[in-house]
There are 4 protein chains.
Amino acid sequence: MTISVAVSGASGYAGGEVLRLLASHPDVSIGAITAHSNAGARLGSLAPHLHALADRILVDTTVENLSGHDVVFLALPHGASAAIAAQLPADTLVIDAGADHRLEDSTAWEKFYGSAHAGTWPYGLPELPGHRERIRGSKRIAVPGCYPTSSLLALMPGFAANALAPDDVVIVAASGTSGAGKAAKINLIGSEVMGSMSPYGVGGGHRHTPEIEQGLSAASGLDVRVSFTPTLAPMSRGILTTATAKVSAEIAALEDPASALRQIWVEAYEDEPFVHVLPEGQWPSTKSVQGSNYAAMQIAYDAHVNRVIVCCAIDNLTKGTAGGAVQSMNIALGLAETTGLTFQGVAP
Amino acid sequence: MTISVAVSGASGYAGGEVLRLLASHPDVSIGAITAHSNAGARLGSLAPHLHALADRILVDTTVENLSGHDVVFLALPHGASAAIAAQLPADTLVIDAGADHRLEDSTAWEKFYGSAHAGTWPYGLPELPGHRERIRGSKRIAVPGCYPTSSLLALMPGFAANALAPDDVVIVAASGTSGAGKAAKINLIGSEVMGSMSPYGVGGGHRHTPEIEQGLSAASGLDVRVSFTPTLAPMSRGILTTATAKVSAEIAALEDPASALRQIWVEAYEDEPFVHVLPEGQWPSTKSVQGSNYAAMQIAYDAHVNRVIVCCAIDNLTKGTAGGAVQSMNIALGLAETTGLTFQGVAP
Amino acid sequence: MTISVAVSGASGYAGGEVLRLLASHPDVSIGAITAHSNAGARLGSLAPHLHALADRILVDTTVENLSGHDVVFLALPHGASAAIAAQLPADTLVIDAGADHRLEDSTAWEKFYGSAHAGTWPYGLPELPGHRERIRGSKRIAVPGCYPTSSLLALMPGFAANALAPDDVVIVAASGTSGAGKAAKINLIGSEVMGSMSPYGVGGGHRHTPEIEQGLSAASGLDVRVSFTPTLAPMSRGILTTATAKVSAEIAALEDPASALRQIWVEAYEDEPFVHVLPEGQWPSTKSVQGSNYAAMQIAYDAHVNRVIVCCAIDNLTKGTAGGAVQSMNIALGLAETTGLTFQGVAP
Amino acid sequence: MTISVAVSGASGYAGGEVLRLLASHPDVSIGAITAHSNAGARLGSLAPHLHALADRILVDTTVENLSGHDVVFLALPHGASAAIAAQLPADTLVIDAGADHRLEDSTAWEKFYGSAHAGTWPYGLPELPGHRERIRGSKRIAVPGCYPTSSLLALMPGFAANALAPDDVVIVAASGTSGAGKAAKINLIGSEVMGSMSPYGVGGGHRHTPEIEQGLSAASGLDVRVSFTPTLAPMSRGILTTATAKVSAEIAALEDPASALRQIWVEAYEDEPFVHVLPEGQWPSTKSVQGSNYAAMQIAYDAHVNRVIVCCAIDNLTKGTAGGAVQSMNIALGLAETTGLTFQGVAP
């Protein structure tokens, strides 16, 4: 069986990464490749790394061009994807890498995005409890944000096990610049970012905050609140998330809280193909997961402050966007979940 | 007046940076330059950026070679500096860039460093309350660690004003690789670190933790406990520290906690030559302080979680080590505090 | 059919890249993974990016451990590979990523390597005239050096067509640091290489010089002499080679030498799966080929100095080492030449 | 004496670097700071590294605002600087960091810049024979381009000594991205440039080519022709130039051409404060000169191809632009040539 797939937003980084992965997917035939201002261009002039597709011509991002495929990937600005999605056939699998359909809470959507809420789709993070089942057979999938992917993977086991306090969660994450998109902005040019770390969206204003809280609250049944600070790191790809929360009194009272916590994380992910708790003593690096759909993490318990600290590394474009999207497509279509995805990072 | 200065550990990054700054210091004459395994080498072969000193020959790090100078900078492994310092004349100004004399608590020293405590010297962070006075005229100065410099500058105003809770402090910092020293280790080679973020010393084990707690506790009179996670960033220099703490009930109850907090930080540093709270809306970057003795910071209040978040950028080798050392030397000797130090970062 | 493969030198970058590629090769089963000082270690502790192989234990690099496989990859220091290879069965396909068997001229070998010549094997650059045929069915293959791969691909068409003068070739190449190996050396640590370009092996001393001259001389039947200068660039992977030669009087006398030259290059590679002359106006970048087996190039004619300038980008570890090795393995074994290799670079 | 200085184009990298240097210049008072589209902005919001000038407000780049100063630095697009300069008083020292007044040959100007030639000013590279004298007392100075600075310093000694052939010069240079300016372009964003090397302006089209040929021809009295290829390196600052030329028959016939060549270079620069031929065996790196006005170089003779190869490292923004400009200002005004300039690079 060959699945025909259309990819919109192909001149951006998310769309380009979807194409990179699909080009090696054995069951997929790439149909329409669409763009907005770059329609008419040769893909090779915009994404020269996609050699096998270099001579393909981008067409306009229209319902007409996207129709007639089994699967449509939307890698568009928020708002734009909802508008297109609403017009695509109900039996087409639509996978939205944008934010439009991630949040369940309309109020949170409106507060952080400033527009009307387009509704909620199954959330494409199959590692969260119950989510794999919701994705299976679904015709609409909302791809999680890159920071939420790493943050939720980092903290979900502890919250699902009721081992963490909900009111004292701090997450600081460092992202490669591709997370900011393929945008011609002075603050993103190489001269500015190379050799420099800088924060942004500090103080709770980043749009991924409610998405993280939504996932952790659902996992725990509690009202989890998160202090989230993203930073821009001098690298193209990758997110390193450092997440910490106070440990419950029950765990803290154990003889060996560190081992108990570790066990919670190890068990949560032991059957997951793309998430791995590293052996003790080994900490993750973003390069080790570069270009792969892998999430690598390690946990520590700091008795002095009664906190668990979890560091999780993903590739923001792969597991954090396009890889997660393909993984969800595989599940939705009943393919083997790992088809077309790699476990090996491109390192060094 | 010309001050004669000896610099030990000149083949390392801290010693090299001390020499870089002293080479432009108008009141200083550089005497002995010492090293351990590199004694006998031409400085230019080890530190080719120090053009004006390129033909100087490194001599052995001995009491004899260091004696006879007005000032001696020690940039040696901990233990080594205490051993040398004990033998230097009492009227020589000895400035130790190492850790030996930073901690007041012998128990903390022994726990984190595993050796006998060598005693406590005035701590060379003049921006902390009362510290400038202790440095003035002192003949012994302990240069703060690089992470403590940025962490203490970030959080001191809030603790000094009793505006923050002592039991819920989280600090995540990203450092350039020079912070790990000029060491031939596989995990530090460029192929490994370029394009990669990774954590280390997670879970409270980093030796700078007790130093941060010591400073914040002294500023507040409380038993401040810190969850500190350092990460290695793909850049040579710079530290970006993200520090957060819960805000006191008094502040939180105000109509505008954000402004009240901001006012505390602005007032704390308004007379400081090397610390600046940026205008609202502007966040610091490590590149903006590269090679300078400047600390740039910004604060935000997140009402949703009742936390202050402070981001502080310094150059780990300059304000974080050698610049702070020269600043303290200037104070100790009665020179203008800013002599020989620059306010401008080398950017882009 | 499943081919059993052993990989030696797995803790180095070349060996690690061979494993990364083989892990996705559909026809291969990875047998022994060997190392020298790292024997006994878990692969995941040395090469954490190879997630699927993380729990494999490295064994000693011995003839015994390497025997019994259909294919053996040697990624060892020169000298070591020849010693091992001499003891492996004649019907095992041995692919040497080291230098031992690349040069035909024993005198050049001895001059540049200072040891006895181990003999010459078929040279694994199938894009050179006649080489694909020599590789097919061979049981011994010498993998070209990374600089020679990009330099020979850049200039071969012009020399094979007798369009270039043999006595005026200049090649300047910039390599990522992985080309210098996974070695704990001060000059390779991130603090030294990030933000810095530096040359090495200047003046004809680099060992890849005779290898480049050998290939160009064979292609042209002339005594080609090359001025070759390698430089180290602040990136982990990739080689950008800038190669230039004077153009023959015949070509220079044409009405449109630029088009004539372009035609020579385009025709030389039109049937090659892994080499592409980019459309006019587009220049290659190393990132566009990162992690792929692709070589991207562009040519220009400078009438003012009557020179052709060719810029060729490869990934030094993939097409420049492990990818070329796997490509040659596929040819030698009669598999489709592109099996297990990707055309897409990991970008941005 | 305090010299009043105005700086135009202050929101760009060249203008910002002029300000960075002038802020530490003991004899200078910084007057008007001008910009075009950024007029009205606070300097600190555009150039946050210039802490001491952060609160200065940019004014419009007009003749009126620039008038009334002893010195005016122009860091403007070509064309714009000539237009302004023509209206500034004859007794104001005008230093143009742009290209308008560098070339002597109007035909070359028109070919490469496509506009009318504005005339030729004394060329601000005092290390070229006779140039320091022309700068002294001049009221108009054309600052050399960054590539010409490194290329001319690299090859001038050989051409001035008639030791090199004029028809076979090849220069390949790698520049940091700041050389491309502070421009919001997709090809300059960090995600694109980090981890990547790429060429541009290949085939003789780069505008710095005639400027290099002009300088070398003047030094030798010959018609020197240069093949020049610039490349973009993944770093913010620095140029590494690799320049090579065939050696004259006279030199080649000597018993030790390498020593003879070395002697030529050493003697040419032995009295120069900012140019240094490194000790034998040591090669330059761009980081060793970062932020300094230093040029570091090394030469080699390759007998096999009878070529000299010179590698020269400068900081493109300092010696390559703003530092050279300040050096020329010092000479023109009769100050000590090194005033306000540093010999030490900011490394690592």
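Residues numbered from 1 in each chain as written. Chains lettered and ligands numbered in written order. Predicted model: local features only at pLDDT ≥ 70, side-chain atom pairs only at ≥ 80, totals over all residues. Heavy atoms only, no water.

Peer 1: Looking at this model, I keep getting lost on the relation of the copies chain B and chain A. Mind explaining?
Peer 2: Here the two chain copies are tied together by a rotation about an axis and a shift along that axis. For the pair chain B and chain A, the relating rotation is 180 degrees, the translation along its axis is 0.0 Å, and the fit reaches an RMSD of 0.0 Å. The relationship between the two copies is best expressed as a two-fold rotation axis. For chain B, the minimum C-alpha distance to the rotation axis belongs to B:Pro234 and amounts to 3.1 Å. Most of the interface of chain B is mirrored in chain A: 100% of its interface residues are interface residues there too. (Least-squares fit on C-alpha atoms with pLDDT ≥ 70 in both. Contact = heavy atoms within 4.5 Å.)

Peer 1: When you look at the nonpolar core in this model, what are you seeing that I'm missing?
Peer 2: Looking at soluble globular proteins, one finds that nonpolar side chains tend to be buried together. Grouped together as the largest cluster of nonpolar side chains are 97 residues, with contacts concentrated most on C:Leu22, C:Phe73, D:Leu22 and D:Phe73. If sequence neighbours within four positions are ignored, C:Phe73 has contacts with C:Val5, C:Ala6, C:Val7, C:Ser8, C:Val18, C:Leu22, C:Ile95, C:Ala325, C:Val326 and C:Met329. Ranked by size, the runner-up nonpolar core spans 63 residues in total, among them B:Val7, B:Leu19, B:Ala322 and B:Ala332. (Core = buried A, V, L, I, M, F, W, Y, C linked by side-chain atoms within 4.5 Å. Buried < 20%, exposed > 50% of the residue type's maximum accessible area, 1.4 Å probe, protein only.)

Peer 1: What is the right way to look at the domain arrangement of chain A in this model?
Peer 2: You'll often see interface size given as the accessible area lost when the parts meet. Residues and elements named next belong to chain A. According to the domain assignment, chain A contains domain 1 (3-144 + 321-333) and domain 2 (147-314). Computed over C-alpha atoms, the centres of domain 1 and domain 2 are 25 Å apart. With 25 residues of domain 1 in contact, the opposing surface of domain 2 contributes 24 residues. Taken over both partners, the interface formed by domain 1 and domain 2 buries close to 2100 Å², and the fraction arising from carbon and sulfur atoms is 55%. Of all residues in domain 1, Tyr13, Phe112 and Glu127 give up the largest surface area on contact with domain 2, accounting jointly for 31% of the area buried on that side. Remark: the boundary between domain 1 and domain 2 carries 3 salt bridges. Here arginine 102 and glutamate 211 are joined by a salt bridge, their closest N and O atoms 3.3 Å apart. Here domain 1 and domain 2 share 12 residue pairs in polar contact (both at pLDDT 80 or more) between them. Residue composition of the side of domain 1 that touches domain 2, grouped by class: 12 nonpolar, 6 polar and 7 charged. (Domains from an automatic or database assignment. Buried area = accessible area lost by both parts, 1.4 Å probe. Salt bridge = Lys/Arg side-chain N within 4 Å of Asp/Glu carboxyl O. Polar contact = N/O pair within 3.5 Å; in protein donor to acceptor, adjacent residues only side chain to side chain. Nonpolar A, V, L, I, M, F, W, Y, C, P; charged D, E, K, R; others polar.)

Peer 1: Would you explain the sheet that holds strand β7 (residues 169-175) of chain B in this entry?
Peer 2: In sheet architecture, strand pairing relies on hydrogen bonds along the backbone and comes in two forms, parallel and antiparallel. All names here are of chain B. Ordered by their spatial adjacency, 7 strands build an open sheet running β8-β9-β7-β10-β13-β12-β11, and the pairing between neighbours is mixed. On the outer flanks of this sheet lie β8 (198-199) and β11 (275-277), each paired with one strand and no other. Inspection of the sheet shows β8 paired to strand β9 (residues 226-232) by 2 bridges, in the antiparallel sense. Counted as the bridge partner of proline 199 is threonine 231 from β9. (Pairing = 2+ DSSP bridges. Helix = DSSP H or I, 4+ residues; strand = E, 2+ residues; numbered from the N terminus.)

Peer 1: Explain the interface of chain B and chain A to me, please; I cannot follow it from the model alone.
Peer 2: The interface of chain B with chain A comprises 44 residues on the first partner and 44 residues on the second. Of the roughly 3500 Å² buried between chain B and chain A on both sides combined, carbon and sulfur atoms contribute 61%. Its largest share of buried area at the contact with chain A, chain B owes to B:Met197, B:Lys287 and B:His304, together 17% of the area lost on that side. Connecting chain B to chain A are 2 salt bridges. Across the pair B:Arg307 and A:Asp168 runs a salt bridge whose closest N-O atoms are separated by 2.6 Å. Counting across the chain B and chain A interface gives 16 residue pairs in polar contact (both at pLDDT 80 or more).

Peer 1: Explain the environment of A:Val305 to me, please; I cannot follow it from the model alone.
Peer 2: Tracing the backbone through its elements, the reader meets A:Val305 in the loop between β12 (295-302) and β13 (307-314). Along the primary structure A:Val305 and A:Pro284 are separated by 21 residues, whereas in three dimensions their C-alpha atoms are 23 Å apart.

Peer 1: Please explain the packing of aromatic side chains as it appears in this structure.
Peer 2: The description of an aromatic ring pair uses the distance of the two centres, along with the angle that the planes make with each other. Taken as a whole, this structure holds 16 aromatic pairs over all chains when the rule is applied. Each ring, one from B:Trp109 and one from B:Tyr113, has its centre 3.9 Å from the other, and the planes form 10 degrees; the classification is stacked. Here B:Tyr113 and B:Trp109 lie together in helix α5 (residues 106-113), a separation of 4 residues that amounts to about one turn. Both residues of the pair, B:Trp109 and B:Tyr113, belong to the buried class. Taking the centre distance of 5.0 Å and the plane angle of 20 degrees together, the rings of D:Phe274 and D:Phe343 count as stacked. Of this pair, D:Phe274 sits in the loop between α11 (257-269) and β11 (275-277) while D:Phe343 sits in the segment after α12 (318-333), placing them 69 residues apart in sequence. For D:Phe274, a relative accessible area of 0% corresponds to the buried category. Owing to a relative accessible area of 23%, D:Phe343 belongs among the partly exposed residues under this scheme. (Phe/Tyr/Trp six-rings, centres within 6.5 Å; stacked < 30°, edge-to-face > 60°.)

Peer 1: How do you make sense of the packing of helix α7 (residues 146-160) of chain B against helix α11 (residues 257-269) of chain B when you look at a structure like this?
Peer 2: Residue and element names in this part refer to chain B. Contact geometry for α7 and α11: axes closest at 8 Å, N-to-C directions at 115 degrees. With respect to α11, the axis of α7 lies roughly perpendicular. You can see that α7 and α11 cross each other, and the crossing is right-handed. Along the contact surface, α7 presents Leu152, Leu153, Ala154, Leu155, Met156, Pro157 and Gly158, while α11 presents Ile264, Trp265, Ala268 and Tyr269. In terms of residue class, the contact of α7 with α11 is made up of 10 nonpolar, 1 polar and no charged. (Axes fitted to C-alpha atoms, helices over the stretch in contact; angles between N-to-C directions. Parallel < 35°, antiparallel > 145°, perpendicular 65-115°, else oblique. Left-handed = near helix turned anticlockwise from the far one by under 90°.)

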